[in-house]
Amino acid sequence: MALDAIADQLDRFAEFQYFIEASAVTVSALSGMIAAREKQLDIVGTYFIAFITAFGGGTLRDVLLNRRPLFWVSHQEYPILIFILSILFLYYSQRLTPVKPLARKSFNLIDALGLALFSISGTSYAIADRIPPFIAVLFGVITGVFGGVLRDVTLIEIPVIFRQSTLYATCSFLGGWTYLLFLSFKLSPSFAGAAGFTAVVVLRMLALHYNLKLPVLYSKDVVDPFSRLPKKDL
Amino acid sequence: MALDAIADQLDRFAEFQYFIEASAVTVSALSGMIAAREKQLDIVGTYFIAFITAFGGGTLRDVLLNRRPLFWVSHQEYPILIFILSILFLYYSQRLTPVKPLARKSFNLIDALGLALFSISGTSYAIADRIPPFIAVLFGVITGVFGGVLRDVTLIEIPVIFRQSTLYATCSFLGGWTYLLFLSFKLSPSFAGAAGFTAVVVLRMLALHYNLKLPVLYSKDVVDPFSRLPKKDL
Amino acid sequence: MALDAIADQLDRFAEFQYFIEASAVTVSALSGMIAAREKQLDIVGTYFIAFITAFGGGTLRDVLLNRRPLFWVSHQEYPILIFILSILFLYYSQRLTPVKPLARKSFNLIDALGLALFSISGTSYAIADRIPPFIAVLFGVITGVFGGVLRDVTLIEIPVIFRQSTLYATCSFLGGWTYLLFLSFKLSPSFAGAAGFTAVVVLRMLALHYNLKLPVLYSKDVVDPFSRLPKKDL
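Residues numbered from 1 in each chain as written. Chains lettered and ligands numbered in written order. Predicted model: local features only at pLDDT ≥ 70, side-chain atom pairs only at ≥ 80, totals over all residues. Heavy atoms only, no water.

As annotated in an unreviewed UniProt entry, chain A is Trimeric intracellular cation channel family protein from Drouetiella hepatica Uher 2000/2452. Quoted verbatim from the Sequence similarities (unreviewed entry) field of the UniProt record, the comment on chain A reads "Belongs to the UPF0126 family." (UniProt positions renumbered as here; feature names shortened; annotations may be inferred.)

Further remarks concern the interface of chain B and chain A. In this complex, chain B contributes 45 residues to the contact, which on the side of chain A involves 56 residues. Between chain B and chain A, roughly 4800 Å² of surface is buried when both sides are summed, and carbon and sulfur atoms account for 69% of that area. In this assembly, chain B and chain A are joined by zero salt bridges. Counting every contact that joins chain B to chain A gives five residue pairs in polar contact (both at pLDDT 80 or more). Among the secondary structure elements, those contributing two or more residues to the side of chain B that touches chain A are α3 (43–65), α7 (133–154) and α8 (168–184) of chain B. Among the elements that make up the side of chain B that touches chain A, the one with the highest residue count is α7(B) (nine residues). (Contact = heavy atoms within 4.5 Å. Buried area = accessible area lost by both parts, 1.4 Å probe. Salt bridge = Lys/Arg side-chain N within 4 Å of Asp/Glu carboxyl O. Polar contact = N/O pair within 3.5 Å; in protein donor to acceptor, adjacent residues only side chain to side chain. Helix = DSSP H or I, 4+ residues; strand = E, 2+ residues; numbered from the N terminus.)

Let's shift gears to the confidence of the model for chain A. All names here are of chain A. The predicted model of chain A averages 85 in pLDDT, with 82% of residues at 70 or higher. Predicted confidence is poor over residues 221–234, with pLDDT under 50, and the contacts of this stretch with residues over four places away or in other chains come to 47 contacts. Both scores are given for the predicted complex: the pTM is 0.89, the ipTM 0.87. (pLDDT = per-residue confidence, 0-100.)

We now examine the relation of the copies chain B and chain A. Between chain B and chain A, which share one sequence, the superposing operator has a rotation angle of 120 degrees and an axial displacement of 0.0 Å; the RMSD is 0.0 Å. Each copy turns onto its partner about a three-fold axis. When each C-alpha of chain B is compared by its distance to the rotation axis, Ile156(B) comes out closest, at 3.5 Å. (Least-squares fit on C-alpha atoms with pLDDT ≥ 70 in both.)

On to the UniProt feature "domain: Glycine transporter" (unreviewed entry) in chain A, then. All names here are of chain A. Residues annotated by UniProt as "domain: Glycine transporter" (unreviewed entry) correspond here to residues 19–91 and 109–182. Helix makes up 79% of residues 19–91 and strand 0%, and the two end C-alpha atoms of the span are 27 Å apart. Taken end to end, residues 109–182 comprises 77% helix and 0% strand; its first and last C-alpha atoms sit 24 Å apart.

Another point: the UniProt feature "transmembrane region" (unreviewed entry) in chain A. According to UniProt, the "transmembrane region" (unreviewed entry) feature falls on residues 43–60, 80–97, 109–128, 134–154, 166–185 and 191–210 of chain A. The straight-line gap between the two end C-alpha atoms of residues 191–210 of chain A is 28 Å; of that span, 95% is helix and 0% is strand.

This paragraph deals with the packing of aromatic side chains. On inspection of all chains with the given rule, the structure shows 60 aromatic pairs over all chains. A ring pair is formed by Phe182(A) and Phe191(A), whose centres lie 5.7 Å apart and whose planes are at 45 degrees; its orientation type is tilted. Owing to a relative accessible area of 15%, Phe191(A) belongs among the buried residues under this scheme. The interplanar angle of 80 degrees and the centroid separation of 6.3 Å between the aromatic rings of Phe134(C) and Phe173(C) together place this pair among those described as edge-to-face. Here the residue Phe134(C) occupies a position in helix α7 (residues 133–154), and Phe173(C) occupies one in helix α8 (residues 168–184), the gap between them amounting to 39 residues. The class for Phe173(C) is buried, based on a relative accessible area of 16%. Taking NZ or CZ as reference, Arg67(B) lies 3.6 Å from the ring centre of Tyr125(B), over its face. (Phe/Tyr/Trp six-rings, centres within 6.5 Å; stacked < 30°, edge-to-face > 60°. Buried < 20%, exposed > 50% of the residue type's maximum accessible area, 1.4 Å probe, protein only. Lys NZ or Arg CZ within 6 Å of the ring centre and 35° of its normal.)

Now for the pattern of salt bridges. Scanning the entire structure with this criterion turns up 12 salt bridges over all chains. A salt bridge links Lys39(A) to Glu157(A); its shortest N-O distance comes to 2.9 Å. Of this pair, Lys39(A) sits in the loop between α2 (17–38) and α3 (43–65) while Glu157(A) sits in the loop between α6 (133–154) and α7 (168–184), placing them 118 residues apart in sequence. Look at Glu157(A) and you get partly exposed, because its relative accessible area is 23%. Across the salt bridge formed by Arg61(C) and Asp62(C), the nearest N and O atoms sit 3.0 Å from each other. The two residues Arg61(C) and Asp62(C) agree in class, both being buried. Through salt bridges with shared partners, a single ionic network connects Arg61(A), Asp62(A) and Arg67(A).

This part takes up helix α5 (residues 77–92) of chain C. Here α5(C) contains 16 residues, and its C-alpha end-to-end distance of 22 Å stays within 8% of the 22 Å for a straight helix at 1.5 Å per residue. Within α5(C), burial applies to Tyr78(C), Pro79(C), Ile82(C), Ser86(C), Phe89(C) and Leu90(C). Each buried residue of α5(C) sits inside an arc of 105 degrees when the element is viewed along its axis, so together they form one side. Looking at the buried positions of α5(C), the neighbouring elements they touch are α6 of chain A together with α2 (17–38), α3 (43–65) and α4 (71–74) of chain C. (Expected span 1.5 Å × (residues − 1). Arc of directions from axis to C-beta.)

A few words on unusual backbone geometry. The omega torsion across Arg68(A) and Pro69(A) is -5 degrees, close enough to zero to call that bond cis. Tracing the sequence through the fold places Pro69(A) in the loop between α3 and α4 (77–92). With phi around 60 degrees, Leu167(B) is a residue other than glycine that occupies positive phi space. With respect to the helices, strands and loops of the structure, Leu167(B) is situated in the loop between α7 and α8. The backbone of Asn66(C) sits at a positive phi, close to 60 degrees, despite the residue not being glycine. As for its placement among the helices and strands, Asn66(C) is situated in the loop between α3 and α4. Residue class for Asn66(C) comes out partly exposed when judged on its relative accessible area of 26%.

This part takes up a nonpolar patch on the surface. A surface patch of nonpolar side chains, amounting to about 470 Å² of accessible area, comprises Ile84(A), Ile87(A), Leu88(A), Tyr91(A) and Tyr92(A). Tracing the chain through its elements places Tyr91(A) in helix α4. (Patch = residues over 30% accessible without salt bridge, like charges linked within 9 Å, V, L, I, M, F, W, Y side chains within 5 Å. Areas by Shrake-Rupley, 256 points an atom, 1.4 Å probe, with all protein chains shown as cover.)

Turning our attention to the nonpolar core. A general tendency of soluble globular proteins is for nonpolar side chains to be buried together. Ranked by internal contacts, the top residues of the largest apolar core, which has 206 residues, are Trp72(A), Trp72(B) and Trp72(C). Every residue in contact with Trp72(C), bar those within four places of it in the chain, is listed here: Leu64(A), Ile135(A), Phe139(A), Phe51(C), Phe55(C), Thr59(C) and Pro79(C). (Core = buried A, V, L, I, M, F, W, Y, C linked by side-chain atoms within 4.5 Å.)

Here we take up the environment of Ile110(A). All names here are of chain A. Along the chain, Ile110 falls in helix α5 (residues 101–128). Separated by 87 residues in the primary sequence, Ile110 and Ser23 place their C-alpha atoms 6.7 Å from one another. In this structure, Ile110 is in contact with Ser23, Ala24 and Val27, ignoring residues within four places of it in sequence.

On to α3(C), then. All names here are of chain C. The terminal C-alpha atoms of α3 lie 32 Å apart, and with 23 residues this matches the ideal 33 Å at 1.5 Å per residue to within 8%. Along α3, the helix axis deviates most sharply at Phe55, where the bend reaches about 55 degrees. The buried fraction of α3 is high, at 22 of 23 residues. With a side-chain oxygen positioned 3.1 Å from the backbone nitrogen of Val44, the residue opening α3 is Asp42. Of the residues one or two after α3, Asn66 is the one with positive phi, at around 60 degrees. (Bend = angle between axes of the 7 residues up to and from the residue.)

What follows is about the packing of α7(C) against α8(C). All names here are of chain C. The interhelical angle for the contact between α7 and α8, taken along N-to-C directions, is 140 degrees, at an axis separation of 9 Å. In terms of axis orientation, α7 runs oblique to α8. Here the hand of the crossing between α7 and α8 comes out right-handed. Contact residues: Pro133, Phe134, Val137, Leu138, Gly140, Val141, Gly144 and Val145 in α7; Tyr168, Ala169, Ser172, Phe173, Gly176, Trp177 and Leu180 in α8. When grouped by side-chain class, the residues that make up the contact of α7 with α8 number 11 nonpolar, four polar and no charged. (Axes fitted to C-alpha atoms, helices over the stretch in contact; angles between N-to-C directions. Parallel < 35°, antiparallel > 145°, perpendicular 65-115°, else oblique. Left-handed = near helix turned anticlockwise from the far one by under 90°. Nonpolar A, V, L, I, M, F, W, Y, C, P; charged D, E, K, R; others polar.)

Dropping the structure here:
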């Protein structure tokens, strides 16, 4: 019953969920604002990019799973918070002094917590819909990373997580499998969720610390087996 | 009861709704065709860009609110109209003489009427779904402006309303709040709707006349407080 | 009753549907991988682009028609298949020798079969929802071609089927109408479906063989009737 005790302990972790969620939404929105700033957008652009970054992944998950109300519709405070932050960012971001390395590490940690929360919650919503495991893990990844994908595409850049990310989607993917593995051992959902959550956070912080990246194996100077195919017209 | 009388009068305004809607769809589609023309697209591209511009905002609203059938599915005549217009545009647009300033003003007015109609209808659908006010106003903005956003992204351009628009989304946003403000005074929905509608049209025509734009406050030559953050990898 | 006999015969064609579907998904995914390779993406990018290309059109159709579960959620084997293929592609694609013209023709034929299958199935789902004919044919086209549109936009390219395609969307459109025309003659749905299917395949192979393309009629050196309009701000 040691595990149950741990599970009970971890259930209390749920109390922190709202705090993590709000922090993660703020950090995601901030990454959108920074990207909007690089493109010299006005307040409308800054707000919508922050909005898309923070809510895009969860919205896509809810639309694909047909869940309503959407995450940000039932939490009016999140869109309002981002609205206020966007205005503050527009007026004050350039008066700030550079962020210290400590702040940078906090930023990364909050983002990793958010990625973990969205990945495990996305997977668990899919499991609750009796969706098969591989697809359920993909739903976790979609929830965790598609806000950033939509931000990049809207700003006309190839999504960074498709190119050079430090194992961002990979941590989400492995964390989802950790969660399902523990569930398959008939452990309590809270314990399994905490295990998956921890796996995402630890893997992500390790990947950032050691600057781990997935290999890009394609090279341009080899024979292209598909060079004669009508590449694009499909 | 003066207000009720006005409201009754305004109810008859609803008779004009279809006319405004059809005109607004035509003008939106035309703006899509002009953008498609700049990119030298063929008829398939011209039609789909016109389609996305005209129906994109309403479709996104309906998907997010889970309303079916979609606006253009129950009005088969709109997609057919755009199809015919796209073919005519492809063949004849370059034979026309430049549009006179008068035509330009009509074009702007019709577009402002459409923005107003879509903004107020989007907000009212959200209100009917018991969605809280700030989010309801956002739904009005999404309905009014996301057709143009999707057009720009599909044509690989940063959405113009995020950069240099003459208060396009802003008029929609303020009109939505006007509508909700009048509703909160327990005025008839028709009256409140007409007030919001009028606010959008008047603000938009003023913004165009005086070339009002939102400020872009970011400058590149100041210290970037986030320069040490891993900007994109989020 | 000759037609009924043909229809009975054609019903057996349904047995081949799964085989065609799996082949078409594979070919679509492969076209996504080739595009991902050109942009030097990593495994995450390669997989998601392959995924979007293979499932994007059907997913958009299902979301717009509000059908669940989604096509790839109930067929877990497809996303897993693409996952394995993406890894193999990443590691081995550059060791392969150039594909022979025969392989190229098979590739084109499988893709045409997939386009036909997705076009007719998309149209038939819409018809089953009592959607009017023009819109139903559009749903077939969306199912057949929007995977490629989403692939291109995510990779920050104007969709190729909007610019220079060899009648890709056009074959889907004409095949959909062939299907509806035969249905309107009160022929069996199987027979009508087979007729539409055949129309798409034959038209597409003819278009590829003769390199048929839609005209791009716009030229830049004529008077632009809309040059004085505020083109983008709509």
